[in-house]
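The primary structure of each chain is shown beneath.
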Amino acid sequence: MDKKDKNSQINLRLVFQELKENPYKKFNIAFSLMVVIPFLVFTYLLAGRFFSFDILIGNIGLILLISFFISVCGFYVGYKILKNILNKIIFYAAQAKRSDQIKSTFVATVSHELKNPLSSVKINLYNIYSGFIGEINKDQKHIIESCQNTIERINRLINDLLDLHKIEAGAVDVKRKLCDIIKISEKQIIELDAALNNKDIVLAKEFQGEVLSVWGDEDKLSRVVNNLLSNAIKFTPDKGKIIFRLYKDEKFIKMEYVDMGPGIPSDKINRLFNKFERLDSEKEGTGLGLAITKDIVEMHRGKIWVESSLGNGSRFIVTLPSDLRVITR
Amino acid sequence: MEKSDKKKILIIEDEKEMLLGLSTLLKHNGYSTVAAYDGTFGINLAHKENPDLIILDLGLPAGGGIFVLKSLSNSVSTNGIPILILTAQQEPDLEERLKQMGAAGYFHKPFDPPALLGCIKNILKDA
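Worth saying up front: this structure is predicted, and the values here are computed from it rather than measured.

### Brief notes about the overall build of chain A
The helix and strand tally for chain A stands at ten helices and seven strands. Counting every position in chain A, which comprises 329 residues, the buried fraction comes to 36%. Of the roughly 20600 Å² that chain A leaves accessible, carbon and sulfur atoms contribute 59%.

Structural data, given as structure tokens:
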């Protein structure tokens, strides 16, 4: 058995396991009932009305025999064609499933294999930086700090890739409950306080009411707020301003992140939420943040889009259904 | 400091560079260290050296990390030694499963060295 046949056998076994029964058995029964029974009934009616042994002698008998033979061949060919289509459907489903399994194993292995050496480099750099190996000068410290920042960037990229893969594979465990988006946002603002202060950026909060409830996964929604706020901070110049709005609009909760950054060229707006798309390669980032944000928002049956033009800053808008029935429908 | 005053930490880790980094870090922070590159040697060393703390890489080859953890937790002579896990895996409920298997704590790789030192200090203070 060559490799391709072996793989096909494995794939088919995977799908049969998943289905818990042989799909061909039911197909055969269904086809038989669909074709053979009406044929038998028709033949019986015909024979009952017209049949006499005299018909079998002569040309009519021959024509009947040939017709009967052609019908049987026709049914057989039809059966084979339909079975072939069923085979292909099962085969491609099995391939997709196996491919997912291989991808999951691959991603888990790659993550493990990348994080281990990263960790070794990080701890050894720390030891050098701390002077455990010997005194180092200011320039050497500066270089080590640069290396440490690079390690953090690589680590974030690995984590983002893992998260994106999990979301796209539908392997994310979504823990939904009633969350207060204002509380989630306040927490993220505290986490990003240092980043805001570093650039002396003013954050103007315009939150409607005291509680705005959403039926969603609190961790993932926190990630959305963090990603969008971090982006706004990244692209806002020093001493600039960011407006962060939260309000209810009919059956939706709306979030708006308005920055005074350079804006986005119109030819890039459509690609903004693509993977590895980066507006400014000089700014830190993996190019996956907005792709992940979009996936999480869509997971919650929400929408995200941006309004922007060059020189006029950007406005990122997220809508999330606040009505429980919309999510569970 | 007298040698006997230093807390002894056993490191069970198959990556030589990580072992070097951990040993250097711990020695310069007042600990003495013993090292094992594989799980079987690590279990034997744990029984022989009776360390104050064990740092165990969960990713030892062939599922060795889990085996070592369970083995040390189930052994009368070593089940009182706190075990700190280092892992590159990001699985749901990992913390809960590790606690059930007897781990005193865990860190995801790549971890922050000062955070690791702080955790070790707390564990040894409580032990």
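### Observations concerning the nonpolar core
Residues and elements named next belong to chain A. Counting residues in each nonpolar core, the largest one holds 43 residues, and the members touching the most others are Ile181, Leu228, Phe244, Leu246, Met255, Tyr257 and Phe316. Top contributing element to this core by residue count: helix H7 (residues 218–235), with seven residues. In this structure Phe244 touches Ser185, Ile189, Leu203, Ala204, Lys205, Glu206, Phe207, Val225, Leu229, Glu256 and Tyr257, once residues within four positions along its chain are discounted.

### Some words on a nonpolar patch on the surface
Residues and elements named next belong to chain A. There is a patch of nonpolar side chains on the surface, built from Tyr76, Val77, Ile81, Leu82, Ile85 and Ile89 and spanning about 580 Å² of accessible area. Within the fold, Ile89 resides in helix H3 (residues 59–129). The class of Ile89 is exposed, set by a relative accessible area of 53%.

### Comments concerning the environment of Tyr126 of chain A
Secondary-structure assignment places Tyr126 of chain A in helix H3. Through-space distance from the C-alpha of Tyr126 of chain A to that of Glu145 of chain A is 9.2 Å; in sequence the pair is 19 residues apart. With near-sequence residues (within four places) excluded, Tyr126 of chain A lies in contact with Phe132 and Gln148 of chain A together with Leu25, Pro113 and Pro114 of chain B.

### Some points on the interface of chain B and chain A
Taken residue by residue, the interface counts 19 residues in chain B and 17 residues in chain A. For the pair chain B and chain A, the summed buried surface comes to about 1700 Å²; carbon and sulfur atoms form 62% of the total. Connecting chain B to chain A are five residue pairs in polar contact (both at pLDDT 80 or more). Sorting the residues of the side of chain B that touches chain A by element identifies helix H1 (16–27) and helix H5 (113–126) of chain B as the ones contributing at least two each. In terms of residue count, H1 of chain B provides more of the side of chain B that touches chain A than any other element does, seven residues in total. A breakdown of the residues in the side of chain B that touches chain A according to their chemical character gives nine nonpolar, six polar and four charged.

### Considerations on the pattern of salt bridges
All names here are of chain A. Summed over the entire model, instances satisfying the criterion amount to 15 salt bridges over all chains. A salt bridge links Lys205 to Glu186; the nearest nitrogen and oxygen atoms lie 2.9 Å apart. Here the residue Lys205 occupies a position in strand S2 (residues 202–207), and Glu186 occupies one in helix H5 (residues 181–191), the gap between them amounting to 19 residues. Overall, the relative accessible area of 42% leaves Lys205 in the partly exposed class. Judged by relative accessible area, which is 29%, Glu186 ranks as partly exposed.

### Points about helix H4 (residues 138–168) of chain A
All names here are of chain A. The end-to-end C-alpha distance of H4, which contains 31 residues, comes to 45 Å, matching closely the 45 Å that a straight helix rising 1.5 Å per residue would cover. Of all the positions in H4, only Ile144, Ile151, Asn155, Ile158, Asp160, Leu162, Leu164, His165 and Ile167 are classed as buried. If you check the start of H4, you find a side-chain oxygen 3.1 Å away from the backbone N of Asp139, and it comes from Asn137.

### Let's talk about unusual backbone geometry
Note that the residue after Lys109 of chain B, namely Pro110 of chain B, is joined by a cis bond; omega there is -10 degrees. Mapped onto the elements, Pro110 of chain B comes out in the loop between strand S5 (105–108) and H5. A positive phi is found at Arg301 of chain A, a non-glycine position, where the angle reads about 60 degrees. For Arg301 of chain A, the position within the fold is in the loop between helix H9 (289–299) and strand S6 (303–308). Given a relative accessible area of 46%, Arg301 of chain A falls into the partly exposed group. At Asn50 of chain B, a residue that is not glycine, the phi angle is positive and equals roughly 50 degrees. Within the fold, Asn50 of chain B resides in the loop between helix H2 (39–49) and strand S3 (53–57).

Conventions we followed
- Residues numbered from 1 in each chain as written.
- Chains lettered and ligands numbered in written order.
- Predicted model: local features only at pLDDT ≥ 70, side-chain atom pairs only at ≥ 80, totals over all residues.
- Heavy atoms only, no water.
- Helix = DSSP H or I, 4+ residues; strand = E, 2+ residues; numbered from the N terminus.
- Buried < 20%, exposed > 50% of the residue type's maximum accessible area, 1.4 Å probe, protein only.
- Areas by Shrake-Rupley, 256 points an atom, 1.4 Å probe, with all protein chains shown as cover.
- Core = buried A, V, L, I, M, F, W, Y, C linked by side-chain atoms within 4.5 Å.
- Contact = heavy atoms within 4.5 Å.
- Patch = residues over 30% accessible without salt bridge, like charges linked within 9 Å, V, L, I, M, F, W, Y side chains within 5 Å.
- Salt bridge = Lys/Arg side-chain N within 4 Å of Asp/Glu carboxyl O.
- Buried area = accessible area lost by both parts, 1.4 Å probe.
- Polar contact = N/O pair within 3.5 Å; in protein donor to acceptor, adjacent residues only side chain to side chain.
- Nonpolar A, V, L, I, M, F, W, Y, C, P; charged D, E, K, R; others polar.
- Expected span 1.5 Å × (residues − 1).

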